[in-house]
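What follows is each chain in one-letter form.
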Amino acid sequence: MSTQRVFTSVLPRLRVASSKNATTSLAQQAQQLRCYSRPTATLRPSGPARSSVLSSAAASAPRRVCVPATSSTQPRTLSTSASLSHGHVDTPKPGEELWVTFIDKEGVETKIAVCKGDNLLDIAQAHDLEMEGACGGSCACSTCHVIVEDPDYYDKMPEPDDDENDMLDLAFGLTETSRLGCQVIMTPELDGLRVKLPSMTRNLQSSDFN
């Protein structure tokens, strides 16, 4: 048998094998693609020559797009983190509690166990009591105004500085034992403190006078 005859008889089989391999390869590639339809923006022809080529149906027909189904195209899961309470105070350890009582404008008392170093604004907000703190505790407003019920406890507190005194001058219902809640830091000496919330507050900040 001549070389030409051998080649002629083998060639069809090679073509079939090549065709099968190509089909298998294409099928494998198709499985690795993620395809979706995307609408094509309508084209506005700029002249008569272009309008004769493009029809409105062809311009608005959706276009099929395929991209590799890699990890970057897989749906991503969303995760959430625990939200922090707006007062940012911790629960005191057993035996280390300090107690403070808030009296609202209706006369309702709320007694709370707190940690050393907590300030009255954070404590009140962490327990959803009605104390605004419009300036965020930066001693720049009077909306965390409290009235210390017992003058003896008032005397145990450090003297208010000039910034606090300036803001207290703007407070509604100012008394001799008024303080800003953000400036009253709980210490063992203040264990048992009782403070009253005023019937209303006046939201004036230091920036209003600049």
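Residues numbered from 1 in each chain as written. Predicted model: local features only at pLDDT ≥ 70, side-chain atom pairs only at ≥ 80, totals over all residues. Heavy atoms only, no water.

A. Main features of the overall build of the protein chain. If you tally the helices and strands in the protein chain, you get 6 helices and 7 strands. In sequence order, the secondary structure elements of the protein chain are arranged as α-β-α-α-β-β-β-α-β-α-α-β-β. The burial tally for the protein chain puts 27% of its 210 residues in the buried class. Surface accessibility of the protein chain: about 14700 Å² in total, with carbon and sulfur atoms responsible for 52%. (Helix = DSSP H or I, 4+ residues; strand = E, 2+ residues; numbered from the N terminus. Buried < 20%, exposed > 50% of the residue type's maximum accessible area, 1.4 Å probe, protein only. Areas by Shrake-Rupley, 256 points an atom, 1.4 Å probe, with all protein chains shown as cover.)

B. Representation of the side chain of Asn 119 in the model. Inspection of the secondary structure puts Asn 119 in the loop between strand 4 (109–114) and helix 4 (120–126). Owing to a relative accessible area of 13%, Asn 119 belongs among the buried residues under this scheme. A polar side-chain atom of Asn 119 sits 2.9 Å from the main-chain amide nitrogen of Asp 122. Residue contacts for Asn 119: discarding those within four places in its chain leaves Gly 181, Cys 182, Val 184 and Ile 185. (Polar contact = N/O pair within 3.5 Å; in protein donor to acceptor, adjacent residues only side chain to side chain. Contact = heavy atoms within 4.5 Å.)

C. Representation of the pairing of strand 7 (residues 193–196). In strand 7, alternate side chains face the same way, and those of Leu 193 and Val 195 are buried while those of Arg 194 and Lys 196 on the opposite face are not. Two elements, strand 3 (residues 98–103) and strand 7, share 4 bridges in a ladder whose sense is parallel. Following the sheet pairing, Thr 101 is matched in strand 7 by Arg 194. Inspection of the sheet shows strand 5 (residues 145–148) paired to strand 7 by 2 bridges, in the antiparallel sense. Residue Ile 147 lies in a different strand from strand 7, and its bridge partner there is Lys 196. (Pairing = 2+ DSSP bridges.)

D. The arrangement of the side chain of Thr 143 in detail. Checked against the element boundaries, Thr 143 lands in the loop between helix 4 and strand 5. For Thr 143, the side chain forms a polar contact with the main-chain nitrogen of Gly 133, separated by 3.2 Å. Among the polar contacts listed, one links the side chain of Thr 143 to the backbone nitrogen of Ala 134, at a separation of 2.8 Å.

E. Structural detail: the pattern of salt bridges. All told, the structure shown has 4 salt bridges when counted by the stated rule. With a closest N to O distance of 3.2 Å, Glu 149 and Arg 194 form a salt bridge. Taken together, the positions of Glu 149 in the loop between strand 5 and helix 5 (151–156) and Arg 194 in strand 7 put the pair 45 residues apart, joining distant regions of the chain. For Glu 149, a relative accessible area of 41% corresponds to the partly exposed category. Each of Glu 109, Glu 149 and Arg 194 takes part in a single network of salt bridges with overlapping partners. (Salt bridge = Lys/Arg side-chain N within 4 Å of Asp/Glu carboxyl O.)

F. Layout of unusual backbone geometry. At Asp 128, a residue that is not glycine, the phi angle is positive and equals roughly 60°. Mapped onto the fold, Asp 128 is located in the loop between helix 4 and strand 5. Of note, Cys 139 is a non-glycine position whose phi angle comes to about 60°, a positive value. Locating Cys 139 in the fold gives a position in the loop between helix 4 and strand 5. For Cys 139, a relative accessible area of 12% corresponds to the buried category.

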